[in-house]
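These are the residues of each chain, in order.
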Amino acid sequence: MLRFVLLAILLLLIARAFWRVMDGVIEAAGGRSRRGRSPRAPAVKLVRDPVCGTYVAPANALSLTAGGTTHYFCSEDCRKKFRT
Ligand SMILES: [Zn+2]
């Protein structure tokens, strides 16, 4: 039984070390791209749900146009709350 516990701990340590290395690799790659002339800007601009404050992508959000302004909501509930 103790051997299984030790083996599990060993595997956990190996996995943690592996992910630490992977994080370093990802960070290094990200650092290099950040120094580039055209950093990867987010493709979609997020808009704020005026009811609950959640940021949503207009493409996936529910919208409501009132007084010439379009508002975006995370859910039908928020849209209903805004209307009332
Ligand atoms: Zn909301």
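Residues numbered from 1 in each chain as written. Predicted model: local features only at pLDDT ≥ 70, side-chain atom pairs only at ≥ 80, totals over all residues.

Colleague: What exactly am I supposed to notice about the overall build of the protein here?
Modeller: Counting its regular elements, the protein contains 2 helices and 4 strands. Ordered by position in the sequence, the α and β elements of the protein form the string α-β-β-β-β-α. Going through the 84 residues of the protein one by one, you find that 8% of them count as buried. Long-range pairs, those at least 24 residues apart, make up 19% of the contacts in the protein with a sequence separation of at least 6. (Helix = DSSP H or I, 4+ residues; strand = E, 2+ residues; numbered from the N terminus. Buried ≥ 20, exposed ≤ 12 C-beta atoms within 10 Å, placed from the backbone. Contact = placed C-beta atoms within 7 Å.)

Colleague: Looking at this structure, I do not really get the pairing of strand E4 (residues 69-73). What am I missing?
Modeller: Looking down a regular strand, the side chains alternate between one sheet face and the other. By the bridge criterion, 5 bridges tie strand E3 (residues 62-66) to E4 in an arrangement that is antiparallel. Looking across to E4, one finds that Leu-64 is bridged to His-71. (Pairing = 2+ DSSP bridges.)

Colleague: Looking at this model, I keep getting lost on the nonpolar core. Mind explaining?
Modeller: Generally speaking, nonpolar side chains in soluble globular proteins are found buried as a group. If you look at the biggest cluster of nonpolar residues, it comprises 5 residues: Val-56, Ala-61, Tyr-72, Phe-73 and Cys-78. In this structure Val-56 touches Leu-46, Val-47, Asp-49, Ala-61, Tyr-72 and Cys-74, once residues within four positions along its chain are discounted. (Core = buried A, V, L, I, M, F, W, Y, C linked by C-beta atoms within 7 Å.)

Colleague: Just checking my understanding: could you explain the environment of Ala-57 for this structure?
Modeller: When you line up the elements, Ala-57 lands in the loop between strand E2 (55-56) and E3. The exposure class of Ala-57 is partly exposed, given the 13 C-beta atoms found within 10 Å. The spatial distance from the C-alpha of Ala-57 to the C-alpha of Lys-45 is 6.6 Å, given a sequence separation of 12 residues. Not counting chain neighbours up to four residues away, the residues in contact with Ala-57 comprise Val-44 and Leu-46.

Colleague: Quick question: what am I supposed to make of the environment of Tyr-72 here?
Modeller: Mapped onto the fold, Tyr-72 is located in strand E4. According to the C-beta neighbour criterion, Tyr-72 is buried, with 22 such atoms within 10 Å.

Colleague: Mind showing me how you'd approach the pairing of E3 here?
Modeller: Summarising burial for E3: 0 of the 5 residues are buried, a small minority. Hairpin remark: E3 followed by E4, antiparallel, with 2 residues in the connecting loop; positive phi at Gly-67, about 60°.

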